[in-house]
Amino acid sequence: MNQVITPPAPKNSASKGRKWRWFHRFGSPAWVYRFASNWAPRFGVVAGVLFLIGLYQGLVVAPPDYQMGDSYRIIFVHVPSAWLSMFSYFVMAVAAAIGLVWRMKVANITARSIAPLGALFTFCALVTGSLWGKPTWGTYWVWDARLTSELILLFLFIGFIALHDAFEDRRTAARASAILAIVGVVNLPIIHFSVEWWNTLHQGSTVTRLDGPTIDSRMLSPLLIMFLAFNFYFAAAVLNRLRVSLLDLERKTNWVKELVHG
Amino acid sequence: MAEFFHMGGHAYFIWMSYAIVCITFVYAFFSPIYRHRKLLRDLSKTNHGGKTKKVIATLKSADDEFSQSS
Amino acid sequence: MTPKRKQRLMLVGLLVLGVSAAAALTLTALQDNINLFFSPTEVAQGEAPSGATFRLGGMVVDGSVKRSQTDLNVSFDLTDTAEVVTVQYAGILPDLFREGQGIVTTGSIENGVFVAREVLAKHDENYMPPEVSDALKKANAKQYQTSTGQ
């Protein structure tokens, strides 16, 4: 006697259900935990391989610059760090906004997982820039618009972490820090266009120009490889952080108990 | 080789930049993996799921003994 | 999307718009303070503070660099292609300092001459190997010869 079980009809129409399914998956801590566990190592390996190629190309193969000689090689870590400091802030703000609008727990934990990495990228961009500035400009630091706005970005990341962790209640923490993250987005175009809107010591854009990059192709290719490596690194590192945060915050739930004892 | 490390006199600035990025990135990548491993270990120790199962098992065997003897 | 979520999304949008507007107004009002340096034209128009320390930025005029034989004193002209300011400096110049290079210098005007306490080199957004730069220079020189030779 085979009994056919018919599933209950979904509330929404079928097409709408499919469209939103991926979105709802990301709302499930257990699913995201598994996703992170699967993909973090893969992204990590890709990043590692790209780092090795990029470092070799950048430090050994690429020719020296006609003015700066070898010191320009700092570009291969400075520019990707600076790009990721802004990109990670944007992703963090979007995740925080999703958490705010949809009251999605995972989105908030994602934002909180991105923040320390964003702070790290910003720190690296500032320090490598400073180490590049000394032999090139003649100073480690100058209070021009680009450097100052990038420093503000570091304070935004740190402020986000501090505000988030200042609240005992997780939902209050999520809301307050999300508003800070969203307000801080205004700083991103300021950083990018600072070298056009004001006169600065920092030079204008090299790669993201309307008339094409003003860098020799043998120098551009290691830069692009490092740029890819940094992006994969970012993905892997965020998933690593997200994984441990999810496990920690969900320790009382059934899926964690099943994972630990099953 | 020595020339490569010398970097046209800019060795300090270049190697310092790469070293800072390298060390912080490696740390930021592996520290959550380590914390994850530690957390899994702690959870399997402190969570009393295993203990409950044991209690149920002993109760069951006692129950079996009782029904056999009667 | 539920109406409540839609409402919250609109609030987020309004927040971004509001903060952007506030930032735009503030930055426009502070325009002069955010600029790192004054140009020779602004100095000529008397916009730079007289008697006080300020930063001056411009291009080093070709053939204007005069070095002292006995000490580190050097003088050169800075231009923004419209006006020219003469700069005096005693100290070590950055590696990138050369004629035609962008420079930012800190100091003050004394008797019509800018006395610099610090000279920083500005780097441009072009990166190329030396041989490419040489080839470009040669090509430019050739073009210059053919255009003036006729």
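Residues numbered from 1 in each chain as written. Chains lettered and ligands numbered in written order. Predicted model: local features only at pLDDT ≥ 70, side-chain atom pairs only at ≥ 80, totals over all residues.

A. Seen up close, the overall build of chain B. When its secondary structure is counted, chain B shows three helices and zero strands. Shown N-terminal to C-terminal, the secondary structure of chain B runs as helices and strands in the order α-α-α. Residues counted as buried form 11% of the 70 residues belonging to chain B. (Helix = DSSP H or I, 4+ residues; strand = E, 2+ residues; numbered from the N terminus. Buried ≥ 20, exposed ≤ 12 C-beta atoms within 10 Å, placed from the backbone.)

B. How the structure looks around the nonpolar core. Counting residues in each nonpolar core, the largest one holds 77 residues, and the members touching the most others are Met 92 and Ala 96 of chain A. Apart from residues lying up to four places away in sequence, Ala 96 of chain A is in contact with Asn 108, Ala 111, Ser 177, Ala 178, Ala 181 and Ile 182 of chain A. Among the nonpolar cores identified, the runner-up in size contains 24 residues, and Phe 38, Phe 76, Leu 78 and Val 85 of chain C belong to it. (Core = buried A, V, L, I, M, F, W, Y, C linked by C-beta atoms within 7 Å. Contact = placed C-beta atoms within 7 Å.)

C. A look at the interface of chain C and chain A. In this complex, chain C contributes 32 residues to the contact, which on the side of chain A involves 34 residues. Counting only elements with at least two residues in the side of chain C that touches chain A, the list comes to α1 (3–29), β6 (113–121) and α4 (130–149) of chain C. In terms of residues, the side of chain C that touches chain A owes the most to one element, α1 of chain C, which gives nine residues. Partitioned by chemical class, the residues of the side of chain C that touches chain A number 20 nonpolar, six polar and six charged. (Nonpolar A, V, L, I, M, F, W, Y, C, P; charged D, E, K, R; others polar.)

D. Fine view of the packing of helix α9 (residues 254–261) of chain A against helix α2 (residues 11–46) of chain B. Two elements in contact, α9 of chain A and α2 of chain B, have axes separated by 9 Å at closest approach and are oriented at 95 degrees. By the criterion of interaxial angle, the relationship of α9 of chain A to α2 of chain B is roughly perpendicular. Residues Val 256, Val 260 and His 261 of chain A of α9 of chain A form the contact with α2 of chain B, whose own contacting residues are Leu 40, Leu 43 and Ser 44 of chain B. (Axes fitted to C-alpha atoms, helices over the stretch in contact; angles between N-to-C directions. Parallel < 35°, antiparallel > 145°, perpendicular 65-115°, else oblique.)

E. Inspection of the environment of Ile 215 of chain A at higher detail. Tracing the sequence through the fold places Ile 215 of chain A in the loop between α7 (187–197) and α8 (217–249). For the pair Ile 215 of chain A and Asp 65 of chain A, spaced 150 residues apart in the sequence, the C-alpha separation amounts to 9.8 Å.

F. Expanded view of the interface of chain B and chain A. Listed by partner, the interface residues are 25 residues for chain B and 32 residues for chain A. Mapped onto the side of chain B that touches chain A, the elements with two or more residues apiece are α2 and α3 (49–69) of chain B. When residues of the side of chain B that touches chain A are assigned to their parent elements, the largest contribution, 19 residues, is made by α2 of chain B. Residues that form the side of chain B that touches chain A fall into these classes: 15 nonpolar, nine polar and one charged.

G. Structural context of unusual backbone geometry. Residues and elements named next belong to chain B. The phi dihedral of Met 7 is positive, around 55 degrees, even though this residue is not glycine. Here Met 7 lies in the loop between α1 (2–6) and α2. For Met 7, a count of 18 C-beta atoms within 10 Å gives the class partly exposed.

H. Structural detail: the pairing of strand β3 (residues 73–79) of chain C. Residues and elements named next belong to chain C. Here two bridges tie strand β1 (residues 54–60) to β3, and the two strands are oriented antiparallel to one another. What sits directly across from Met 59, in β3, is Thr 79. Here strand β2 (residues 66–67) folds back onto β3 in antiparallel fashion, the turn holding five residues. Where β3 lies against strand β4 (residues 84–90), seven bridges are found, and the strand directions are antiparallel. Looking across to β4, one finds that Leu 78 is bridged to Val 85. (Pairing = 2+ DSSP bridges.)

I. Just helix α3 (residues 75–102) of chain A, in detail. With 28 residues, α3 of chain A should reach 40 Å at 1.5 Å per residue; the first-to-last C-alpha distance of 40 Å fits that figure. Looking at the residues trailing α3 of chain A, positive phi occurs at Arg 103 of chain A, about 50 degrees. (Expected span 1.5 Å × (residues − 1).)

J. A look at the confidence of the model for chain B. Of the residues in chain B, 66% reach a pLDDT of 70 or more, and the chain-wide mean stands at 81. Within chain B, the element-level pLDDT minimum falls on α3 of chain B, averaging 62, and the maximum on α2 of chain B, averaging 94. (pLDDT = per-residue confidence, 0-100.)

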